[in-house]
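# Chain and residue survey
Chain residues, written in single-letter form:
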Amino acid sequence: AGSRPVRNIARWDGDAWQRVEDHECSRQCTSTGADNHCTSSNCELNGMVTALAALGAHLFAAGEFTTAGGRPARKIAHYAAGRWAPVAGGLRGSVYSIALFRLEPSSAALLPWGADAPLCLYAAGHLSSIFDNSGKELPVQNVARACWVSTEQSEMEWEPVKTGPGVGPAHALLFTTQEDWDRDGLDI
């Protein structure tokens, strides 16, 4: 991006483009090229990014990649505090859209960003399956979600979202409450 070498994702800091790389991976790098860019391993994403979502300092990326920050990540990853991590066990298929949506308030433990209602990451696209944290593959029909129910990201698990029979790929996600629809006079 600009004159800085990056791999599939970059961020603008107000003055210049910066890499979104895993700091631990970068420290373990054995060979660097121009601008201290690691050439011995990919500390960013190893494939195209097709969707992004953010909440505060938490970035979620989805796309055609299998590693994030040098770690295995099937199609979707989370970046925070200079570290890439897979989101649950990952996804199979093409991801076109991701979105964060907070479920109704509950007595769940505080999440990393200070909210007390479960937050879910939804993924939509031409998805055929999801992977649980043990690597078991489960069928899905184009839309899935992973929700935080504790402060540990490892506690997340993907689950299918019912879309109805014969529904094709989902290209976009939009979340609103019924109250918003009712207030604005929208009838769906």
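Preceding this section is the structure that the text describes.
Anyway, here's the lowdown on the structure attached to this text. (Residues numbered from 1 in each chain as written. Predicted model: local features only at pLDDT ≥ 70, side-chain atom pairs only at ≥ 80, totals over all residues. Heavy atoms only, no water.)

A separate point is the state of the cysteines. Counted by the stated rule, this structure contains 2 disulfides. Between Cys 25 and Cys 43 runs a disulfide, and the two sulfur atoms are separated by 2.1 Å. Taking the sign of the S-S torsion, about -70° here, the bridge from Cys 25 to Cys 43 comes out left-handed. Remark: Cys 43 occurs in the loop between α1 (23-27) and β3 (49-55) and Cys 25 occurs in helix α1; sequence separation between them is 18 residues. The pair Cys 25 / Cys 43 is uniform in exposure class, with both members buried. Each disulfide pairs two cysteine sulfurs, and for Cys 120 the partner residue is Cys 147, the sulfurs being separated by 1.8 Å. Taking the torsion about the sulfur-sulfur bond, which here is approximately 100°, the covalent link between Cys 120 and Cys 147 counts as right-handed. Taken as a pair, Cys 120 in strand β10 (residues 119-131) and Cys 147 in strand β12 (residues 143-147) lie far apart in primary sequence, 27 residues in all. Given a relative accessible area of 12%, Cys 147 falls into the buried group. (Disulfide = S-S within 2.5 Å. Helix = DSSP H or I, 4+ residues; strand = E, 2+ residues; numbered from the N terminus. Buried < 20%, exposed > 50% of the residue type's maximum accessible area, 1.4 Å probe, protein only.)

Let us now look at the pattern of salt bridges. Enumeration over the complete set of coordinates arrives at 6 salt bridges. Salt-bridge contacts for Asp 22 lead to Arg 71; the nearest nitrogen and oxygen are separated by 2.5 Å. Taken together, the residues span a long stretch of sequence, with Asp 22 in the loop between β2 (17-19) and α1 and Arg 71 in strand β6 (residues 71-72) at a distance of 49 residues. By relative accessible area, which is 17% here, Arg 71 ends up buried. The partner of Arg 92 in a salt bridge is Glu 137, and the shortest N-O contact between them spans 2.6 Å. Remark: Glu 137 occurs in strand β11 (residues 137-139) and Arg 92 occurs in strand β9 (residues 91-102); sequence separation between them is 45 residues. Given the relative accessible area of 38%, Glu 137 is considered partly exposed. Salt bridges here are not isolated pairs; linked through shared partners, they connect Asp 22, Glu 24 and Arg 71. (Salt bridge = Lys/Arg side-chain N within 4 Å of Asp/Glu carboxyl O.)

Judged by nonpolar contacts, the single largest core of 21 residues is most densely connected at Ile 76, Val 87, Leu 91, Ile 98, Leu 121 and Trp 158. Elements supplying a minimum of two residues to this core: β3, β4 (58-63), β9, β10 and β12. Looking at this core, the element that brings in the most residues is β10, giving 5 residues. Formed by 10 residues, the second largest nonpolar core is a distinct cluster that contains Ile 9, Val 20, Ala 73 and Tyr 79. (Core = buried A, V, L, I, M, F, W, Y, C linked by side-chain atoms within 4.5 Å.)

Okay, unusual backbone geometry next. You will see that Ala 88, though not glycine, has its phi angle at about 50°, which is positive. Locating Ala 88 in the fold gives a position in the loop between β8 (83-86) and β9. Positive phi outside glycine occurs at Asn 142, with the angle close to 75°. By secondary structure assignment, the location of Asn 142 is in the loop between β11 and β12.

That is the geometry; function is a separate question.
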